[in-house]
Amino acid sequence: MCGIVGYIGEKNAAEILVAGLEKLEYRGYDSAGIAVYDGASLSVRKELGRLKNLEEALSKSPLTGNAGIGHTRWATHGMPSTKNSHPHTSMDGKFAVVHNGIIENYGELREALTNKGCVFTSETDTEVIPHLIDYHYENNGGDFLRAVKSAIVSLTGSFAIGILCKDFPDTLIAVRKDSPLIVGLGKGENFIASDIPAILSETRDVLFLDDGEIAVITKDGVSITALDGNPVIRDVHRVTFNENAAQKGGFEHFMIKEIHEQPKAVADTLRGRLSLSAPVKFDGIEPEILKDIDKIHIIACGSAYHAGLVGKTAIERLAKIPVSVELSSEYRYNNPLTDSKTLVIAISQSGETADTLAGMRLAKSLGARVLAITNVVGSTVAREASGVFYTYAGPEISVASTKAYATQLVAIYLFAVFAAEVLGRTSPEELYTIKSELLNIPELIKQTISTEAEIAALSKKIYKETDMYYLGRGLDYAVAMEGSLKLKEISYIHSETYAGGELKHGPIALIEDKTVVLAISCDKDLCGKMESNIKEVITRGAFVVLLANDATKPMHAEFSEVITVPETLPLLTPLSAVAALQLLAYYVAKNLGYDIDKPRNLAKSVTVE
Ligand code: F6R
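To start, this report covers the structure provided alongside it. A quick note: this is a predicted structure, and the numbers were derived from the prediction, not measured. (Residues numbered from 1 in each chain as written. Predicted model: local features only at pLDDT ≥ 70, side-chain atom pairs only at ≥ 80, totals over all residues. Heavy atoms only, no water.)

Brief notes about the overall build of the chain
For the chain, the count of helices and strands is 18 helices and 25 strands. Here the C-alpha radius of gyration of the chain, 25 Å, is about what a compact globule of 609 residues would show, namely 25 Å. In terms of overall dimensions, the chain has C-alpha extents of about 80 × 55 × 45 Å along its principal axes. The buried share of the chain, taken over its 609 residues, is 59%. In the chain, of all internal contacts separated by at least 6 residues, the share reaching a separation of at least 24 is 72%. For the chain, the exposed surface amounts to about 22,800 Å²; the carbon and sulfur share of it is 51%. Between the centroid of the 61 positive side chains of the chain and the centroid of its 77 negative side chains there is a distance of 1 Å. (Helix = DSSP H or I, 4+ residues; strand = E, 2+ residues; numbered from the N terminus. Rg over C-alpha atoms; globule rule 2.2 N^0.38 Å. Buried < 20%, exposed > 50% of the residue type's maximum accessible area, 1.4 Å probe, protein only. Contact = heavy atoms within 4.5 Å. Areas by Shrake-Rupley, 256 points an atom, 1.4 Å probe, with all protein chains shown as cover. Lys, Arg positive; Asp, Glu negative; His and termini not counted. Charge placed at Lys NZ, Arg CZ, Asp CG, Glu CD.)

Rendered as structure tokens:
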């Protein structure tokens, strides 16, 4: 996820921008840049990699001036590179722009602007913005604000934008839609930022912009208007928390912050790909990728593997193609029956997992087409695949995956619908129902997260246990595996997962008085059978925590505790259920006082085999 900072005042803008960008480093980024009005023009410096690269460039060739904008980039459209990093400028350098979010219709805008003679220098979606503003500026008699307004009404997607114009060196314009942006208030100086920490050492007085609002900022004042031109009066908010807490958005750990970010991460991943009126757009992946394919192999590790298990059910049910899911580390040594009629889907948050990469390379050598689902633009997995679909979870900082896993689920559901549409294997009516419900998923995840206080209370009853068992059937089994992995990773409590029907084939011997069993029962077609499994463990004295929804809860007569998640289509239940299990693992670990974001023995990116 990118970061924005902007300054207008009397101090050295470059210093303030770089200091602000440093405060955003925790978010993760691949390049950084600033633009400063130097008294004559807008000068830009940008560098690939760490902020220190930008600092070194600035120390060799400083930028002086009292107004500027800065950006740390987490690539979405276009590889991490200097030319793709922000700020982006109009052709004559009159406008400089920093942008967070995604411009969905950038392809059409780019084509239209190119036809008008614009020359693009980057692969980004962002670059359309300065060109578009410039175009309207020329056609609006040099009115900066009008040009910005005219440009943004043509943008679809999400954006937080900071804009400077060489002809108006005393003005900084900021616009927000679906991507956070604040204005910081100082004396004789003002700021913009995507995140509070970027400006917290300069001011604690901030204005929060709402969607569709434009702020015109000078060193002496701020005026906010809605898109229709109506003035907006906004109360000043005084920030009371410290910088460390601010980086975590006021949350105690990145993990809980990232759990809360899931509705947005999922919405971002759906945006521009899924609509009710058109087939799913699977980014640059053409329907030809499915031509003559007779099977799919999904390879992944850890949480990504668990997303793959859900993918198997979704793809087989909707696209009716046989799917096998293998741990990348096993796939490699199993002499896989992969050939030119196989589509291999590699799922990896980091895009750098050594086993998944090796599995991909093997698949390619066997003649397969390889599709990657990853969260990191320009990662090795992305570069080596024949096609890539990006999840837009933003950087995940906590070692235990939460929002990245949720977006992997979304990606794989979208692929299942995409394949079903291409192959015509599921009725349009059924696909319409699934698509409508997918659009509703961010809201359902919000509802699940709203049970946080109850889950925290429940965690107090079980956190001292040494063993826990997760049970589920069908997709609930896949989700149970993910819940159990989360618990193990951050609470170090031994936990295992069993398919409900397998209990009687051995594991039930482990159940004794007060053994904690998490029974996941969200599929109304399977909850009758789950009820039998729950009874089997209750009879042996288990303390059963039931995770169910309004459709399945009535099917269960006895349990010790219940977590209720919103009901959704049986095929999509992992998306509404998993946040509850993430929260449970989080609160259990928190009660135990562990280092939740950096659990022992674990690394965020596993680049060794
Ligand atoms: C679990 C977790 C790991 C990763 C696994 C794969 O919370 O984070 O199990 O899912 O190491 O990593 P990626 O997705 O980067 O390939």
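That shown, we press on.
Things to note about the sheet that holds strand β4 (residues 67–73)
The strand order across the open sheet built from eight strands is β3-β2-β4-β1-β10-β9-β11-β15, with neighbouring strands paired in antiparallel fashion. At either margin of the open sheet sits one strand with a lone partner, and together these are β3 (42–48) and β15 (237–238). Of the strand pairs in this sheet, strand β11 (residues 205–208) and β15 are connected by two bridges, and their pairing is antiparallel. In the sheet register, valine 206 faces β15, and the bridge partner there is histidine 237. In the packing of helix α2 (residues 51–60) onto the sheet, the strands contacted are β2 (31–37) and β3, and the crossing angle to β3 comes to about 135 degrees. (Pairing = 2+ DSSP bridges. Axes fitted to C-alpha atoms, helices over the stretch in contact; angles between N-to-C directions.)

Here we look at the site of the ligand
In the vicinity of the ligand there are 15 residues, among which Ser348, Gln349, Ser350, Thr353 and Glu489 approach most closely. In the model, an oxygen atom of the ligand is placed 2.6 Å from a nitrogen or oxygen of the serine 350 side chain. In isolation the ligand exposes 410 Å². Once the protein is present, 89% of that is buried. Going through the elements one at a time, α9 (302–319) and α16 (475–491) are the ones with two or more residues in the shell around the ligand. A per-class count over the shell around the ligand returns five nonpolar, eight polar and two charged. (Near = heavy atom within 4 Å. Polar contact = N/O pair within 3.5 Å; in protein donor to acceptor, adjacent residues only side chain to side chain. Nonpolar A, V, L, I, M, F, W, Y, C, P; charged D, E, K, R; others polar.)

Quick notes on helix α1 (residues 13–23)
What sets the pattern is the α-helix's 3.6 residues per turn: residues three or four places apart point alike. Taken residue by residue, α1 has Ala13, Ala14, Ile16, Leu17, Val18, Gly20 and Leu21 as its buried positions. Among the structural elements, β1 (3–8), β2, α2, β4 and β10 (190–193) are those in contact with the buried residues of α1. N-capping of α1 is provided by asparagine 12, with a side-chain oxygen placed 3.0 Å from the backbone N of alanine 14.

Some details on the nonpolar core
One finds Ile296, Ile315, Ile345, Tyr413, Phe415 and Leu438 to be the most contacted residues of the largest nonpolar core, which totals 94 residues. Excluding residues that lie within four positions of it along the chain, isoleucine 296 makes contacts with Ile315, Ile321, Pro322, Val323, Ser324, Leu343, Ile345 and Phe415. (Core = buried A, V, L, I, M, F, W, Y, C linked by side-chain atoms within 4.5 Å.)

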